[in-house]
Amino acid sequence: MKLVGLVGSNADQSYNRILLKFIEKHFKSKFELEVLEIKDVPLFNQSDDQTETPVIQTLAAKIKAADGVIIATPEHNHTIPAALKSVIEWLSFKIHPFENKPVMIIGASYFKQGSSRAQLDLRQILDSPGVNAIVLPGNEFLLGNVKEAFDEAGDLKDAGTTKFLGLCLEKFLRFIEVVSVLEKPAAPKEAPAVEDLWATGQVATTVEGVDKEADDWLEQAAEKVNAVEGDTYVKLDRGLLTVDQLNIFLNSMPLELTFADENNQFLYYNRNAEPEEMLAKRWPAQVGNPLAKCHPPKTHKNVSWVLNQLRTGKQDIVKVNVPTHGPDKFVVHHYQAMRDGEGNYRGINEYILDLQPVIDWYLKQTGQTLVGAPKADAVSGASQSSDADSSASIHDEPAGVTAAEAKKNADAVSSASVTEEVVEASAVDAVSGASEA
């Protein structure tokens, strides 16, 4: 690490220069220190601009190139020397090498206070507009009675003082590393990968040779792969059921299930109600469609974002309340990633249910009531302003908004301000694209 030490005095004999030279020699295994002099810098005069002179340009270039700066200041009349103040004036007039530069202040003086008041003033100066240095807080190194502090070789006599100085310098080196991270330009925000909503790829379970957009995809694909049906047994990992039993079992679920594979092809939904009675309507002709076909183009970006969150593991599940089914329902769309035994993404499981009957049953059984905030729903206590899982913003509609308009503004995907996206309004479900309008 490359540091520069600024001697805060223009005197020929300076104990602060000796202190910096000791640091340069004694701690050379930890960092490289170049001691800079201010003796030849002219007194600051705004009317006589000396910014471009070699002495000031050299100081500025060395400070700017360094990882950090150590300033050693004496104390003159309870503050820093005029020469040091003048240098800082030049280095904040038209050029600003101290800006965002880590700085450590040390000081030596003849008396016990060890330049404490000068260091306090210097901190304020370095924090001023035009200078904008980043000064190491605390860790003051105040060397008093300096005439007795050094031996003839310029080394500190007291081992404890040397040890404390070393600790302060170690903290400064760590401080430099922290500042470098803070000042590092933020990496461009990585945009989520665009999902292939047209399902143009192939996965191990893709049925080839059948048009995904065909209304009779299910019949064509089943014939293509000789799919079993009826009373044919299927061995599952935890059971043995016929195809008929599987259908009965899934259709009896008290929630709507939708399956889309890792290729973003809509493959299945359970028929536990007719389309007109479903919370999110699906139709047999949609089965087999690519997800792009299930959604209007204006929602593709938002659907892609939800799918990518699940595919990449940034979220395992996204939950969104859709409040447009009426005050007697609390409908939640769950978008959950499906993974195999090795953790590989195998698609999305969307399940939709009305939580209100569950809430009502629980309250009746326990004799409890829900107490909500002023903006909470009177029945469920559920806030309509934000979804806890997905950060979905589902704001109360202003007076006079029709049910149709409210529906348009509250789709599970398009009404959700899901963390990183401002999502466009639409009335289409995130996975199957089934319109509820």
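This is a predicted model, so every value here is computed, not measured. Residue indices begin from 1 for each chain and proceed along its sequence in written order. The model is predicted, so local features are restricted to residues of pLDDT at least 70 and side-chain atom pairs to those at 80 or more, both for listing and for counting; the totals for chains, interfaces and linings are taken over all residues. Hydrogens are left out, water is left out, and the side-chain values use all remaining heavy atoms of the structure.

**Q** An account of the overall build of the protein chain is requested, with residue identities and associated values reported.
**A** Assigned secondary structure in the protein chain consists of 10 helices and 13 strands. Considering only residue pairs separated by 6 or more positions, the protein chain has 65% of its internal contacts joining residues 24 or more positions apart. All accessible-area figures derive from a Shrake-Rupley calculation using a 1.4 Å probe, and residue coverage is judged against the displayed protein chains alone. Carbon and sulfur atoms form 53% of the exposed surface of the protein chain, whose accessible area is close to 23,300 Å². Strands here mean DSSP runs of E at least two residues long; helices mean DSSP runs of H or I at least four residues long; both are numbered from the N terminus. The criterion used for residue contact is that any of the two residues' heavy atoms lie within 4.5 Å.

**Q** Go over the packing of helix α3 (residues 82-90) against helix α4 (residues 116-126) with me, naming the residues and quoting the values.
**A** The axes used here are C-alpha line fits, helices contributing only the stretch in contact, and every angle between their N-to-C directions lies in the interval 0 to 180 degrees. Contact geometry of α3 with α4 gives a least axis separation of 12 Å together with a crossing angle of 10°. With respect to their mutual orientation, α3 and α4 come out roughly parallel. Contacts between α3 and α4 involve L84, K85 and I88 on the former and, on the latter, L122, I125 and L126. Just so you know how the angles are binned, under 35 degrees is roughly parallel, over 145 roughly antiparallel, 65 to 115 roughly perpendicular, and the rest oblique.

**Q** Any chance you could break down the packing of aromatic side chains for me, citing the residues and the numbers?
**A** Two rings from Phe, Tyr or Trp (for Trp, the six-membered ring) form a pair when their centres are within 6.5 Å of each other. A pair whose planes differ by under 30 degrees is stacked, one over 60 is edge-to-face, and the rest are tilted. With the rule as written, the count across this model stands at 9 aromatic pairs. Aromatic side chains W90 and F93 sit 6.3 Å apart centroid to centroid with 70° between the ring planes, which places their arrangement in the edge-to-face category. For W90, a relative accessible area of 1% translates into the label buried. A relative accessible area of 24% places F93 in the partly exposed class. Through successive ring pairs, a cluster of aromatic residues spans Y15, Y110 and F150. We count a charge as sitting over a ring when the NZ of a lysine or the CZ of an arginine lies within 6 Å of the ring centre and within 35 degrees of the ring normal. One cation-aromatic arrangement involves K147 over Y110; the distance from NZ or CZ to the ring centre is 4.7 Å. For every residue, the accessible area obtained with a 1.4 Å probe (protein chains only) is divided by the maximum for its type, and the residue is called buried under 20%, exposed over 50%, and partly exposed between those limits.

**Q** Quick one: what's the story with helix α1 (residues 15-26), residue by residue and with numbers?
**A** In this model α1 runs 16 Å from its N-terminal to its C-terminal C-alpha over 12 residues, within 8% of the 16 Å that 1.5 Å per residue would give. Buried residues belonging to α1 abut β1 (2-7), β2 (32-36), β3 (68-72), β4 (102-108), β6 (141-143) and α5 (159-183). Expected span of a helix, by definition, is 1.5 Å for each gap between consecutive residues, and there is one gap fewer than residues.

**Q** Talk me through unusual backbone geometry; I want residue IDs and the actual numbers.
**A** In this structure, N145 takes a positive phi of about 45° despite not being glycine. One can find N145 in the loop between β6 and α5. Unlike most non-glycine residues, N264 shows phi in positive territory, near 60°.

**Q** Just give me the short version of the pairing of strand β13 (residues 345-354), but keep the residues and values in it.
**A** Most of β13 is tucked away, with 8 of its 10 residues classed as buried. Bridging between strand β9 (residues 256-261) and β13 involves 6 bridges; their strand directions are antiparallel. Across the sheet, F259 pairs through a bridge with N349, a residue of β13. Criterion used throughout: strands pair if DSSP finds at least two bridges between them. Across 9 bridges, strand β12 (residues 331-339) lies against β13 in antiparallel orientation. Along β13, the bridge assignment pairs V332 with L353. Counting the residues in the hairpin turn of β12 and β13 gives 5 residues, including G343, whose phi is positive at 85°.

**Q** Outline the confidence of the model for the protein chain, listing residues and values.
**A** Mean pLDDT over the protein chain: 85, with 85% of residues reaching 70 or higher. Confidence drops under pLDDT 50 across residues 373-428; counting only partners more than four residues distant or on other chains, this segment forms 116 contacts. Residue-level confidence of the predictor, termed pLDDT, takes values from 0 up to 100.

**Q** Talk me through the pattern of salt bridges; I want residue IDs and the actual numbers.
**A** Each salt bridge in this description consists of a side-chain nitrogen of Lys or Arg and a carboxyl oxygen of Asp or Glu lying within 4 Å of one another. What the rule picks out here adds up to 16 salt bridges. Residue K94 is joined to D49 by a salt bridge in which the shortest nitrogen-to-oxygen separation is 2.8 Å. Of this pair, K94 sits in the loop between α3 and β4 while D49 sits in the loop between β2 and α2 (54-65), and the two are 45 residues apart along the sequence. The class for K94 is exposed, based on a relative accessible area of 53%.

**Q** Residue-level account of the packing of α1 against α5, with values.
**A** For the pair α1 and α5, the least separation of the axes is 12 Å and the interaxial angle reads 75°. Relative to α5, the element α1 is oriented roughly perpendicular. Of the residues in α5, those in contact with L19, F22, I23 and H26 of α1 are T162, L165 and L169.

**Q** For the pairing of β9, give the residues involved together with the corresponding values.
**A** Along β9, 5 of the 6 residues are buried, which leaves the element largely enclosed by surrounding structure. The turn linking β9 back onto strand β10 (residues 266-269) is made up of 4 residues, and N264 within it adopts a positive phi angle of 60°.

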